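These are the residues of each chain, in order.
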Amino acid sequence: APKGRPLAEVWMGTHPRGPSQVLWEGKWILLSHLIQESPERILGEGIARRFCNQLPFLFKVLAAATPLSIQCHPNLKQATVGFQKEESCGIGLSAPERNYRDQNHKPEIFCALRPSWILKGFRNPVELRSLIKKLGLSSPMDGISPALGKGLGKSLRAFFAALIELDHQRQREL
């Protein structure tokens, strides 16, 4: 670990912003270069052909001692369209306003070494309204509860947007 401190997150793969190195035939080489030199040998014929000589995933190891942040990943079509749009607008890959740093989707697999909880997705709006009422949160959430209308997709988006746009003091209260 750099600086002798534990790391909370380690990524391994060929992503341009942090490609892994591998010890190959006695010397360190970027994994991306190794794959370029011999894609079928490293990836296998089927994977090399199917994914255009690219490693089709990024391996990530997390040491999560505390809850992690919310992550929202696009599907493949959204990632491709979003990346191409930002490229055509000339937004730099490292620009803070950039949303799509590559054109890949980000499916994830969770494999815990210790008992853990992971949350995926949202409850439907009817369940959320009921839960808000049961928890007695209806008055502090007056500005948010209306977002839970009858239409599932739009109301859920509006509800989540209203939650994450609250000021930090209000979030702590809720």
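The structure we're discussing is the one just above.
Throughout this description, residue numbers start from 1 for each chain and increase along the sequence as written. Local features in this predicted model are restricted to residues whose pLDDT is 70 or higher, and side-chain atom pairs enter the listing and the counts only when it is 80 or higher, whereas totals over whole chains, interfaces and linings include all residues. Only hydrogens and water are removed before side-chain values are computed, so all heavy atoms of the structure are retained for them.

**What about the pairing of strand S3 (residues 27-30)?**
Across a regular strand the side chains alternate sides, sitting on one face of the sheet and then on the other.
Then step 1. Pairs of strands are assigned from DSSP output, requiring at least two bridges between the strands. Put simply, DSSP H or I for four residues or longer makes a helix, DSSP E for two residues or longer makes a strand, and each gets a number counted from the N terminus. Relative to S3, strand S2 (residues 21-24) runs antiparallel, the two sharing 4 bridges. Of the residues in S3, the one forming a bridge with Leu-23 is Trp-28.
Then step 2. In sequence, S2 turns back onto S3 through a hairpin of 2 residues, with Glu-25 there showing a positive phi of about 50°.

**Some points on the side chain of Arg-98**
Then step 1. Along the chain, Arg-98 falls in the loop between helix H4 (76-88) and helix H5 (125-134).
Then step 2. Each residue is placed in one exposure class: buried if its accessible area under a 1.4 Å probe, protein chains only, is under 20% of its type's maximum, exposed if it is over 50%, and partly exposed if it falls in between. According to the relative accessible area criterion, Arg-98 is buried, its value standing at 3%.
Then step 3. Beyond its immediate stretch of four places on either side in the chain, Arg-98 contacts Phe-83, Glu-86, Glu-87, Ile-91, Gly-92 and Leu-93. Any two residues having at least one pair of non-hydrogen atoms within 4.5 Å are treated as being in contact.

**As for the pattern of salt bridges**
Then step 1. Counted as salt bridges are all cases of a side-chain nitrogen of Lys or Arg within 4 Å of a carboxyl oxygen of Asp or Glu. A complete count under the given rule lists 4 salt bridges for this structure.
Then step 2. Among the ionic pairs, Glu-86 bridges to Arg-98, the shortest N-O distance being 2.9 Å. Note that Glu-86 is positioned in helix H4 and Arg-98 in the loop between H4 and H5, a separation of 12 residues in sequence.
Then step 3. Using a relative accessible area of 8% as the deciding quantity, one classes Glu-86 as buried.
Then step 4. Residues participating in the shared-partner salt-bridge network are Glu-86, Glu-87 and Arg-98.

**A closer look at the nonpolar core**
Then step 1. To form a nonpolar core, buried Ala, Val, Leu, Ile, Met, Phe, Trp, Tyr and Cys residues must be joined to one another through side-chain atoms within 4.5 Å. The biggest cluster of nonpolar side chains holds 7 residues, and these are Ile-29, Leu-31, Leu-34, Ile-35, Leu-43, Ala-48 and Leu-55.
Then step 2. With residues up to four places along the chain from it excluded, the contact list for Ile-35 reads Thr-14, Ile-42, Leu-43, Asn-53 and Leu-55.

**Let's talk about the environment of Leu-113**
Then step 1. With respect to the secondary-structure elements, Leu-113 resides in the loop between H4 and H5.
Then step 2. Leu-113 gets classed as exposed once you look at its relative accessible area, which sits at 85%.
Then step 3. Along the backbone, Leu-113 and Ala-63 are 50 residues apart, and their C-alpha atoms lie at a distance of 10.0 Å.

**Things to note about the environment of Lys-120**
Then step 1. Summarising the element assignment, Lys-120 is placed in the loop between H4 and H5.
Then step 2. Along the chain, Lys-120 and Cys-72 lie 48 residues apart, while their C-alpha atoms are 9.9 Å from each other.

**With respect to H5**
Each α-helix turn comprises 3.6 residues. Residues three or four places apart therefore point the same way.
Then step 1. Residues of H5 that are buried: Pro-125, Leu-128 and Ile-132. Here the buried residues of H5 occupy an arc of 55° about the axis, which is enough to place them on one side. Along H5, the residues that are exposed and aim more than 90 degrees away from the buried face are Val-126, Lys-133 and Lys-134. In this description, one arc is meant: the one made by directions from the helix axis to the C-beta atoms.

**Quick word on unusual backbone geometry**
Then step 1. Backbone geometry at Cys-52 places phi at a positive 50°, although glycine is not the residue there.
Then step 2. In this fold, Cys-52 is placed in the loop between helix H3 (45-50) and strand S4 (59-62).
Then step 3. In this structure Cys-52 comes out as exposed when scored by relative accessible area, which is 61%.
Then step 4. The phi torsion at Asn-53 lies on the positive side, around 60°, for a residue other than glycine.
Then step 5. On the secondary structure map, Asn-53 appears in the loop between H3 and S4.

**Observations concerning H4**
Then step 1. For H4, which comprises 13 residues, the first-to-last C-alpha distance of 18 Å matches the rise-based estimate of 18 Å (1.5 Å per residue) to within 8%.
Then step 2. All of the buried residues along H4 are Ala-79, Gly-82, Phe-83 and Glu-86. Each buried residue of H4 sits inside an arc of 100° when the element is viewed along its axis, so together they form one side. Summarising the geometry of H4, the exposed residues directed more than 90 degrees from the buried face are Lys-77, Lys-85 and Ser-88. The span one expects for a helix is its residue count, reduced by one, times 1.5 Å.

**Thoughts on the side chain of Ser-32**
Then step 1. Assignment of secondary structure puts Ser-32 in helix H1 (residues 31-37).
Then step 2. The exposure class of Ser-32 is buried, given its relative accessible area of 18%.

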